[in-house]
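Structural overview
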Amino acid sequence: MIKAILIFNNHGKPRMSKFYEHYTEDTEQQIIRETFHLVSKRDENVCNFLEGGLLIGGSENKLIYRHYATLYFVFCVDSSESELGILDLIQVFVETLDKCFENVCELDLIFHLDKVHNILAEMVMGGMVLETNMSEIITQVEAQGKMEKSERLQDVFVEFSHQDLLDFYNQMEMIQTQLTR
Amino acid sequence: MPAVSKGDGMRGLAVFISDIRNCKSKEAEIKRINKELANIRSKFKGDKALDGYSKKKYVCKLLFIFLLGHDIDFGHMEAVNLLSSNKYTEKQIGYLFISVLVNSNSELIRLINNAIKNDLSSRNPTFMCLALHCIANVGSREMAEAFAGEIPRILVAGDTMDSVKQSAALCLLRLYKTSPDLVLMGEWTSRVVHLLNDQHMGVVTAAISLITCLSQKNPDEFKTCVSLAVSRLSRIVSSASTDLQDYTYYFVPAPWLSCKLLRLLQCYPPPEDGAVKGRLVECLETILNKAQEPPKSKKVQHSNAKNAILFEAISLIIHYDSEPNLLVRACNQLGQFLQHRETNLRYLALESMCTLASSEFSHEAVKTHIETVINALKTERDVSVRQRAADLLYAMCDRSNAKQIVAEMLSYLETADYSIREEMVLKVAILAEKYAVDYSWYVDTILNLIRIAGDYVSEEVWYRVIQIVINRDDVQGYAAKTVFEALQAPACHENMVKVGGYILGEFGNLIAGDPRSSPLVQFNLLHSKFHLCSVPTRALLLSAYIKFINLFPETKSTIQEVLRSDSQIRNSDVELQQRAVEYLKLSSIASTDVLATVLEEMPPFPERESSILAKLKKKKGPGAVSVNELEEGKREGGELNGGGERGGDSSTSAVGSTPSPSADLLGLRAGPPVTAAAPSAGSLLVDVFSEAGVNDDGFLRFVCKNNGVLFENQLLQIGIKSEYRQNLGRMYLFYGNKTSVQFVTFTTTLNVQAKPVEPLIEGGAQVQQVINIECLTDFSDAPLLNIKFRYGGALQNLTLKLPVTINKFFQPTEMASHDFFQRWKQLSLPQQEAQKIFKANHAMDTEVLKAKLLGLGMALLENVDPNPENFVCAGVIQTKAQQVGSLLRLEPNAQAQMYRLTVRSSKDTVSKRLCELLAEQF
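Below or above, wherever it landed, is the structure these notes cover. (Residues numbered from 1 in each chain as written. Chains lettered and ligands numbered in written order. Predicted model: local features only at pLDDT ≥ 70, side-chain atom pairs only at ≥ 80, totals over all residues. Heavy atoms only, no water.)

1. Structural notes on the overall build of chain B
Threshold: Here a helix means four or more residues in a row that DSSP labels H or I, a strand means two or more in a row labelled E, and each is numbered from the N terminus. Working definition: with a 1.4 Å probe on protein chains only, accessible area under 20% of the residue-type maximum means buried, over 50% means exposed, and in between means partly exposed. Any two residues having at least one pair of non-hydrogen atoms within 4.5 Å are treated as being in contact. For the accessible areas, the method is Shrake-Rupley and the probe is 1.4 Å, while residue cover comes only from the protein chains on display.
A tally of helices and strands in chain B yields 38 helices and 16 strands. Burial status across chain B gives 55% buried among its 922 residues. A fraction of 67% describes how many contacts in chain B between residues 6 or more apart in sequence connect residues 24 or more apart. In the structure as shown, chain B presents an accessible area of about 39,900 Å², 50% of it carried by carbon and sulfur atoms.

Rendered as structure tokens:
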């Protein structure tokens, strides 16, 4: 099971955190700090796995992480998960973000946190993997985007009643016929 | 076009985030946040009703503030309101807020549940998914109560959309984890298992997590998943990389699902059906073969995915531990990875090899890699990898390579990371002890250990070396010589002083012949360290001094001088002062004969499981110690309600408490008695802290009965009355004073909680104590009852095993012959059965046997076994966590005066324990 998914930048600023087990808010912040401390002091080119910090269960759990440019993506998992599998999952997550945001960067995560959560929710649910197929995930996210857009359009049109619209079109047609004459 | 359009976010939110990012200091940031919080709060409280868009905007801001680490204590109600909006965006943000910020706040949960209920019945797949996500994220008891019945129906319904099925599967899994009692699979089982055959790979991906978890808990009911999993796996493995389209990841078909399928198979023994097994072996071979093929892509993701499957396949092979051919191939493959340039692969190879080392087929093959592993320990840049290498060295160690491995681990210790030193020290100490053929090597190793990593040498380690030296007279002279030399170092660790003080105090005479280590030289050497040591060590040294007086009368005046000095006899520490005064008096009053008797050499310690091993197990949890012979002392996982202090934990610090000096010369007082573990065959050594005093004669008499006398001597009689119902029990203890004198300060301590008992028992009187018992999970160790009281002036101390055994929680189950044999067959895993053949201790009277079996608590089944001589019983053990069904068969052989006892139950520890308990009864 995935216990937590954390994204923070090179300075330890959290950019997204998602815990699948209950901790107090304070502990969550401490876990993020502890994890950053453990992960950030490691060189590049060492292995991507290490034992979890004490707060999140010590050697029972593993931290599996990848470092992309300014961001660390860390998954904290228990022994029932395949390490390399999780590494692939991180890659799928990042590639999906990249497709959804077109060249994702740290700022996208900051300004569209809710969307990052949505994308993640299409992949992982309650600490278990829901879907690994990127195009499936993107299809779902796109469908949501369309729904949002259509709702925004509704917002625009909702101010006109049907009668108003009908009058509006009638007027338009009138004007057009006058012009073509 | 990107799926997430960037420009259309909420302007207010973007401005707020930019503001925060522009804050120059933490204070400025907090100020800006507080301003925003006040703004939002006033908007929420204001008279003007907010529209959906504004609510969404503010909730988003709150989420952002929460992420920055600030407490959010409002907005929950607004979020709940958003749930009932029929606009997707508003509903979605409401659910997001609740998933992130609500944990089980009960008032809100009811409102949330209402919204969820509406969405689940909406037949709008998007809304249903949002609702299912929310349940899975919060997963509280109330939610389980509300939805545990509904979700399986959604999961298996024919008309449910695939995406909803996926969410429903994981949602159900979450509820099962939090409230297993509410999720009743019964009728759904077979349909859930058949999700493995679903057309949609995403559904299979989600369902397999659910099935794996359910199989672990109810292996029998979900057995059919094995053949389905094998055929699914076989279809994936044999498919071309293009067949599975989107589920192909960098040319590897469905790697995630393959891994999960292989994991699921690890919940079961090898398939019995020959065809299924053949197909599976074929799959495993294909996976191993593919590892040797040239890669289809140079991308690291390709090899990553391929190896993920490979490692899971190897784990399965190791789990089966029955195909020597595959095991050797697996071992060779891992051997290749040990030298791979990818650090991740080296790490995983070391880790997998650790488990492989404990298989008898492959132990030798693993050993061939010793040089590579040692090299890894020395040269790896990454501490995670080095730690795995150290673990593997520990696992592959046996008599043939122990010296080499211990030497390597010792030299690694000098540079090892602080985080793993203590564990390394324990491991070195254990290996040195376990494989010591030559005890001078053992002593050298431990002294080296103290020299190199003294701070990390726990008490257990130095206690242990002393026990061993005391018990082995062939090593005593060598030990004395070696510690004497070690103490010459100008700065030596306090632990070294402790060992030195103890050993020279006992065996200094063995090296006193040499003028370079004459008694006075030894004394001066020890005393030169005295002032730098802590109180407990000084106390120990004082005891060593008085021993010197006995060993070497010529040192008497010098030592008396030291004891008499103000710094000793007026020491502010009571313990030191008391020792100084008493030792001084003892040495001046007692005759040589008395001295010689009082200060005699310590008698050998009784044999017991190594306390170091216990410590390592405690540190790493059960299962960490995987070397074959260590199985013996495996820590039993059970616990009784309130059981905090268990056996091994109670070996408290020995020195420095207030012992009476005559009984306890070197301060190595026996700690509170420890669970009387059976002496383990693997350990030749002994332990300081075992007191032979745990009395369990009475204990076994109570396996088949609930009332009677537990203990009796000239002073005290302890009677027991007990009753059990399901997983609860109540026990009355009656303490009877058989004398005509009061017992005062009568106390009992139990390693589970008990109501206190009257501190005073009048002569001839009886007091009563009640203990309530709840069985949380199955257990093997009985709780210990420690009784202390004063009779006359003398302190009496007694430890008894309380006769609470797992069989007390049996509910008898009546069943017909047909049912019995069917269940018997279901419990066919080798570890589920325990069998013992033993000699009859009592007359083989049928009626007596029946009475005993009934007393055991199971139902005695008539007309079940074809042989009327045999007895069969059935029952269910009720624990809080689960119910464990057990079947028993007892076959008496009157001619040979022997019995054969077979117990099968759904949990291996239970079968084992029942068998042990019963074997003593007939």
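2. Some points on the overall build of chain A
Helix and strand counts for chain A come out as six helices and seven strands. Walking chain A from its N terminus toward its C terminus, one meets helices and strands in the order β-β-α-β-β-β-α-α-α-β-β-α-α. Per-residue burial over chain A gives 55% buried out of 181 residues. Residue pairs at least 24 apart in sequence account for 48% of intrachain contacts in chain A once pairs closer than 6 positions are excluded. Working note: accessible area of chain A is about 8,400 Å², and carbon and sulfur atoms make up 55% of it.

3. Digging into a nonpolar patch on the surface
Test applied: A patch consists of residues whose relative accessible area exceeds 30% and which take part in no salt bridge; residues with like charges are grouped when within 9 Å of each other, and nonpolar side chains (Val, Leu, Ile, Met, Phe, Trp, Tyr) when within 5 Å. For this document, the term salt bridge refers to a Lys or Arg side-chain nitrogen within 4 Å of an Asp or Glu carboxyl oxygen.
A cluster of nonpolar side chains, namely Met174, Ile175 and Leu179 of chain A, defines an oily patch on the protein surface of about 340 Å² accessible area. Take methionine 174 of chain A: it is sitting in helix 6 (residues 162-180).

4. What to know about the packing of helix 1 (residues 11-22) of chain B against helix 3 (residues 52-67) of chain B
Residues and elements named next belong to chain B. Selection rule: For helices, the fitted line uses only the C-alpha atoms of the stretch in contact; every axis is such a line through C-alpha atoms, and the angle between N-to-C directions lies from 0 to 180 degrees. Should an angle fall under 35 degrees it is called roughly parallel, over 145 degrees roughly antiparallel, and 65 to 115 degrees roughly perpendicular, with every other angle called oblique. Each crossing is labelled by how the near helix is turned from the far one, with a counterclockwise turn of less than a right angle marking it left-handed and a clockwise turn marking it right-handed. Classes in brief: Ala, Val, Leu, Ile, Met, Phe, Trp, Tyr, Cys and Pro nonpolar; Asp, Glu, Lys and Arg charged; the others, Gly included, polar.
Contact pair helix 1 / helix 3: the axes reach a minimum separation of 9 Å and the direction vectors enclose 25°. With respect to their mutual orientation, helix 1 and helix 3 come out roughly parallel. When you trace helix 1 past helix 3, the crossing you get is right-handed. Of the residues in helix 3, those in contact with Arg11, Gly12, Leu13, Phe16, Ile17 and Ile20 of helix 1 are Tyr53, Lys57, Cys60, Lys61, Phe64 and Ile65. Tallied by class, residues from the contact of helix 1 with helix 3 come to eight nonpolar, one polar and three charged.

5. Some points on helix 32 (residues 574-589) of chain B
Residue and element names in this part refer to chain B. Filter applied, for reference: How far a helix is expected to stretch is found by multiplying one less than its residue total by 1.5 Å. Throughout, the arc means that of the directions going from the helix axis to the C-beta atoms.
The end-to-end C-alpha distance of helix 32, which contains 16 residues, comes to 22 Å, matching closely the 22 Å that a straight helix rising 1.5 Å per residue would cover. Residues Glu575, Leu576, Arg579, Ala580, Tyr583, Leu584 and Ser587 constitute the buried set of helix 32. Relative to the axis of helix 32, the buried residues are bounded by an arc of 150° and lie together on one face. Set apart from the buried face of helix 32 by more than 90 degrees, the exposed residues are Val574, Lys585 and Ile589.

6. Observations regarding the packing of aromatic side chains
Here is the rule we go by: Pairing of aromatic side chains requires ring centres within 6.5 Å, counting the rings of Phe and Tyr and the six-membered ring of Trp. Pairs whose planes differ by under 30 degrees are stacked, by over 60 edge-to-face, and all others tilted. Ring-over charges, as used throughout, are those where CZ of Arg or NZ of Lys falls within 6 Å of the ring centre and within 35 degrees of the ring normal.
Per the stated rule, a full pass over the model turns up 22 aromatic pairs over all chains. Between phenylalanine 779 of chain B and phenylalanine 809 of chain B, the aromatic rings sit 6.3 Å apart at their centres with planes inclined by 75°, giving edge-to-face as the arrangement. Linking phenylalanine 779 of chain B in the loop between strand 8 (766-774) and strand 9 (784-791) with phenylalanine 809 of chain B in the loop between strand 10 (794-801) and strand 11 (810-812), this pair joins segments that are 30 residues apart in sequence. With respect to burial, phenylalanine 779 of chain B and phenylalanine 809 of chain B carry one shared label: buried. Seen from their ring centres, phenylalanine 838 of chain B and tyrosine 899 of chain B are 5.6 Å apart, and the 35° between their planes marks the pair as tilted. One end of the pair, phenylalanine 838 of chain B, is in strand 12 (residues 833-839); the other, tyrosine 899 of chain B, is in strand 16 (residues 898-905), and 61 residues separate them in sequence. Comparing phenylalanine 838 of chain B with tyrosine 899 of chain B shows no difference in burial state: the two are buried. These aromatic residues form a ring-pair network of at least three members: Phe8, Phe36, Tyr65 and Tyr72 of chain A. The ring centre of phenylalanine 74 of chain B lies 4.4 Å from the NZ or CZ of arginine 41 of chain B, which sits over that ring. Between lysine 91 of chain B and the ring centre of phenylalanine 127 of chain B, over which it is positioned, the NZ or CZ distance is 4.6 Å.

7. Focus on the pattern of salt bridges
Going through the model one piece at a time under the given rule, you end up with 40 salt bridges over all chains. Arginine 141 of chain B serves as the salt-bridge partner of glutamate 145 of chain B, at 3.8 Å between the closest nitrogen and oxygen. Here glutamate 145 of chain B and its partner arginine 141 of chain B are both found in helix 8 (residues 141-147), four residues apart, which amounts to about one turn of the helix. Residue classification places arginine 141 of chain B among the partly exposed positions, given a relative accessible area of 37%. Of the charged contacts, one joins glutamate 485 of chain B and lysine 481 of chain B as a salt bridge, the two residues approaching to 3.9 Å between their closest N and O atoms. One end of the pair is glutamate 485 of chain B and the other is lysine 481 of chain B, both in helix 26 (residues 476-487) and four residues apart, which spans about a single turn. Residue glutamate 485 of chain B is classed as partly exposed on the basis of its relative accessible area, which comes to 47%. Where salt bridges share partners, they join Glu51 of chain A together with Arg388, Asp391, Glu423 and Lys427 of chain B into one cluster.

8. Points about unusual backbone geometry
All names here are of chain B. Of note, tyrosine 250 is a non-glycine position whose phi angle comes to about 45°, a positive value. Within the secondary structure layout, tyrosine 250 lies in the loop between strand 1 (248-249) and strand 2 (252-253). In the Ramachandran plot, aspartate 321 falls in the positive-phi region, its phi being about 50° despite a non-glycine side chain. Looking at the element boundaries, aspartate 321 is found in the loop between helix 16 (300-320) and helix 17 (324-338). The exposure class of aspartate 321 is partly exposed, given its relative accessible area of 27%.

9. Points about the sheet that holds strand 8 of chain B
Residues and elements named next belong to chain B. Formally: At least two DSSP bridges between two strands are required for those strands to pair.
Strand order across the open sheet formed by four strands is 4-5-6-8, with antiparallel pairing between neighbours. Of all strands in the sheet, those bounded by a partner on one side alone are strand 4 (708-712) and strand 8. Between one strand axis and the next, the sheet turns by 25° as a mean value, whatever way the strands run.

10. Here we look at the nonpolar core
Rule in force here: Definition of nonpolar core: a set of buried residues of the types Ala, Val, Leu, Ile, Met, Phe, Trp, Tyr and Cys, connected through side-chain atoms within 4.5 Å.
Ranked by size, the top nonpolar core spans 274 residues in total, and within it Ile2 and Phe93 of chain A together with Ile112, Ile116 and Leu196 of chain B carry the most contacts. Not counting the four nearest positions on each side in its chain, leucine 196 of chain B is found in contact with Val204, Ile208, Ile211, Cys225, Leu228, Ala229, Arg232, Leu261 and Leu264 of chain B. Of all hydrophobic cores here, the second largest spans 57 residues; its members include Phe711, Leu849, Val884 and Leu901 of chain B.

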